[in-house]
Amino acid sequence: MSSFLFRKRASFRCWVVLYPNPKSKPQFGDLIKPPNSEIRRILDHGSSSFSPKTSRTLSRSLQNLKNSIGSGESFGLPSTCGLVRFYGTQAAQEPSTSDGLTVDRILNSEWSIHTEDESDWKSHAAAIAQSIHLIKKRLQWKKLMVRLDMLSVELNKPNLWDDPVHAGKISREHGSLMGKMKEVKAFEQELLEHVDMIKLAREENDAELESESMKALLEMRRTSKEKETQALLAGEQDPCSCYIEVQSGAGGTESNDWAAMVMQMYKMWAQRRGYKITVVEEMPGEIAGIKIILISQRATIKVDGEYAFGYAKAEVGVHRLVRISPFDSNKRRHTSFAAVAVTPILGDVSAHVQINESDLRIERFRSGGSGGQHANTTDSAVRIVHIPTGITATCQNERSQHQNKASAMAVIQARVDQLEMARQTQKNAQYSQSLTDITWGSQIRSYVLQPYRMVKDLRTNYEVSDPDSVLEGDLDGFILSYLSASLDKDEDDR
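No experiment lies behind these values; they were computed from the predicted model shown.

## A word on the overall build of the protein chain
Along its length, the protein chain carries 11 helices and 16 strands. Pairs at least 24 apart in sequence give 64% of the contacts found in the protein chain among residues at least 6 apart. Carbon and sulfur atoms provide 48% of the accessible area of the protein chain, an area that totals close to 25000 Å².

Rendered as structure tokens:
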């Protein structure tokens, strides 16, 4: 025997069935609208009173609920309470409306999708259903559910916490996947509830309820676009902050200047998204731009914010500029290259690779730049070399040697962590391979300022004709286009 409680939704004058036990949940949530003249207080648990008039409405809806559950099942409805008991209910596989309409059936119905301005509930419902389908595809829904089941089995093992580090990792992953699953399910259920309410409003000739439900569907349709974007960032490291590194290629002063322009572009992009920016390493060129002396030296910024790595990873690669060089007195057209690498900053301390002090070579030298107290007068700049891997990080922007050392060490830690992840899974190798070949033929994006004006991503063919806006940080179009194309490609490969 299972108990179900009818509860009034805060934003609508209707009753909703609450299911305390998901395994006994029927195939849909029924909705019952009370008479306008009645005002009742519905408890979160226990029972609530219904008038005879409401009970008749309740009984009619519950009869439909019983019929949908299947023959041979019995139920009872006390005349003075809203706590309804069903006997022998069977588990449901998919939520649906009172007449059996599911998200998949909405998609298969091929309802026309019009603009948001038109008051067509079927158009809104079809658009939302399409978004739900896309979100599930991006989340790799079937694999997610399988993985969730596997993690649940792991969590139920009695000896799980014998290894606290492993147990913590399993628990966090399970919580993350469970949160994604519940969010999609809740969004799907909300759509079906609103569809039910619109049908009920039309049956009862309630224009007010129909209008409220239509507004709710429209708001869901707009929200679904944000959820589509969130589904693009489902990777394990996507929520992390990151380091963005820019290195100039062949071309001398022109390439140095282009590298500085690229770095400034990312600073402005990060500011647009509300991220915090910290300059870790930036060596100015002799004439302009970012100077590069050794292959291991790079201009680096730290970007702190939610999903900074998830978005910035789309920028990994070589960026090509075509323009009339301001450093050429003959006003000739030049082509310059700059490479971008992105490294996630892991928030889980247990995931960091242990670095021994004996594996580090720490060099101290005097800072360059515009000067100031202690700058150029003390050995405050620090260069750290991780001997086993050859990874190098330099910092001279802080006021003291201790601060510079801490910043450089943080970069070393992030790069070593990334290298270890690449060795174990090979999936992070793409994030830093762009720095190996900064030449013609390896670019991911072209910025053409002469003889025409255009920025084009060569991976997705996404392009805009306003290079100035792109160089001022308007990169979201390129990023979202690449993330969508990457997921579609992965789906095709499977």
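Don't stop here, the text continues.
## Things to note about the nonpolar core
If you look at the biggest cluster of nonpolar residues, it comprises 41 residues, and the most contacted ones within it are Ile244 and Trp269. Elements that contribute at least two residues to this core include exactly β6 (241–248), α7 (253–272), β8 (299–304), α8 (308–312), β10 (333–345), α10 (467–471) and α11 (476–493). In terms of residue count, the dominant contributor to this core is α7 (eight residues). With 18 residues, the next largest nonpolar core counts Val103, Trp121, Ala126 and Met220 among its residues.

## Overview of the sheet that holds strand β11 (residues 360–365)
Reading across the sheet, the three strands line up as β11-β12-β13 and stay open at both edges, with antiparallel pairing between neighbours. The open sheet has two edge strands with one neighbour each: β11 and β13 (391–395). Sheet twist, expressed as the average angle between the axes of neighbouring strands with direction ignored, equals 15°.

## What to know about the packing of aromatic side chains
Within this structure, the stated rule accounts for four aromatic pairs. A centroid spacing of 5.0 Å and a plane angle of 65° characterise the contact between Trp258 and Tyr447, whose relative ring orientation is edge-to-face. Residue Trp258 is located in helix α7, and its partner Tyr447 is located in strand β14 (residues 443–448); the two are separated by 189 residues in the primary sequence. Exposure class is identical for Trp258 and Tyr447. Each is buried. Residues Trp269 and Tyr275 carry aromatic rings whose centres are separated by 5.9 Å and whose planes lie at 70° to one another, so their mutual orientation is edge-to-face. Given a relative accessible area of 2%, Trp269 falls into the buried group. The ring of Phe187 is capped by Lys227, whose NZ or CZ atom sits 5.2 Å from the centre of that ring. Positioned above the aromatic ring of Tyr482 is the side chain of Arg459, whose terminal nitrogen or guanidinium carbon lies 4.0 Å from the ring centre.

## Some words on the confidence of the model for the protein chain
Here the protein chain averages 75 in pLDDT, and 69% of its residues register 70 or above. Taken element by element, the predicted model of the protein chain shows its lowest mean pLDDT in strand β5 (residues 83–87) (34) and its highest in strand β15 (residues 454–457) (96). Scored below 50 in pLDDT, residues 1–92 shows 186 contacts in the model against residues more than four places distant or in partner chains. Confidence drops under a pLDDT of 50 for residues 291–297, and excluding neighbours within four residues, the segment shows 17 contacts in the predicted structure.

## Focus: the environment of Thr253
Mapping Thr253 onto the fold places it in helix α7. Overall, the relative accessible area of 25% leaves Thr253 in the partly exposed class. Here the alpha-carbon distance between Thr253 and Ser336, two residues 83 residues apart in the chain, equals 9.6 Å.

## Topic: the sheet that holds strand β7 (residues 276–281)
Taken in spatial order, the eight strands of this open sheet run β7-β8-β6-β10-β9-β14-β15-β16, and their pairing is mixed. If you trace the sheet from one side to the other, it starts and ends with β7 and β16 (463–464), each paired once.

## Examining the state of the cysteines
Following the criterion strictly, the structure yields zero disulfides and no others. Take Cys242: it sits in no disulfide, and the sulfur closest to it among the cysteines is that of Cys240, at 9.2 Å. For Cys242, a relative accessible area of 0% puts it in the buried group.

## Description of the pairing of strand β12 (residues 381–386)
Remember that side chains alternate between the two faces of the sheet whenever the strand is regular. When you tally the buried positions in β12, you get six out of six residues, the bulk of the element. With burial as the criterion, each face of β12 is covered, one bearing Ala381, Arg383 and Val385 and the other bearing Val382, Ile384 and His386. Where β11 meets β12, six bridges bridge the pair, whose relative direction is antiparallel. If you follow Arg364 over to β12, its bridge partner there is Val382. Note that β12 and β13 share five bridges and pair antiparallel. Bridge assignment links Val382 to a residue of β13, and that residue is Cys395. Following β12, the chain reverses through four residues before pairing antiparallel with β13; Gly390 in that reversal takes a positive phi of roughly 80°.

## Focus on unusual backbone geometry
Gln450 connects to Pro451 through a cis peptide bond whose omega is 5°. Within the secondary structure layout, Pro451 lies in the loop between β14 and β15. Positive phi is not limited to glycine here, since Glu110 has a value of about 55°. Assignment of secondary structure puts Glu110 in the loop between α2 (103–108) and α3 (121–138). The backbone phi angle of Asn205 is positive, close to 55°, even though this residue is not glycine. By secondary structure assignment, the location of Asn205 is in the loop between α5 (164–203) and α6 (207–232).

## Things to note about the side chain of Arg138
Tracing the sequence through the fold places Arg138 in helix α3. For the buried Arg138, which has no salt bridge, the nearest side chain bearing the opposite charge is Glu228, at an N-O separation of 4.5 Å. Beyond its immediate chain neighbours, meaning those up to four positions away, Arg138 contacts Glu228, Thr229, Ala231, Leu232, Ser484 and Leu487.

Cut-off values and rules
- Residues numbered from 1 in each chain as written.
- Predicted model: local features only at pLDDT ≥ 70, side-chain atom pairs only at ≥ 80, totals over all residues.
- Heavy atoms only, no water.
- Helix = DSSP H or I, 4+ residues; strand = E, 2+ residues; numbered from the N terminus.
- Contact = heavy atoms within 4.5 Å.
- Areas by Shrake-Rupley, 256 points an atom, 1.4 Å probe, with all protein chains shown as cover.
- Core = buried A, V, L, I, M, F, W, Y, C linked by side-chain atoms within 4.5 Å.
- Buried < 20%, exposed > 50% of the residue type's maximum accessible area, 1.4 Å probe, protein only.
- Pairing = 2+ DSSP bridges.
- Axes fitted to C-alpha atoms, helices over the stretch in contact; angles between N-to-C directions.
- Phe/Tyr/Trp six-rings, centres within 6.5 Å; stacked < 30°, edge-to-face > 60°.
- Lys NZ or Arg CZ within 6 Å of the ring centre and 35° of its normal.
- pLDDT = per-residue confidence, 0-100.
- Disulfide = S-S within 2.5 Å.
- Lys, Arg positive; Asp, Glu negative; His and termini not counted.
- Salt bridge = Lys/Arg side-chain N within 4 Å of Asp/Glu carboxyl O.

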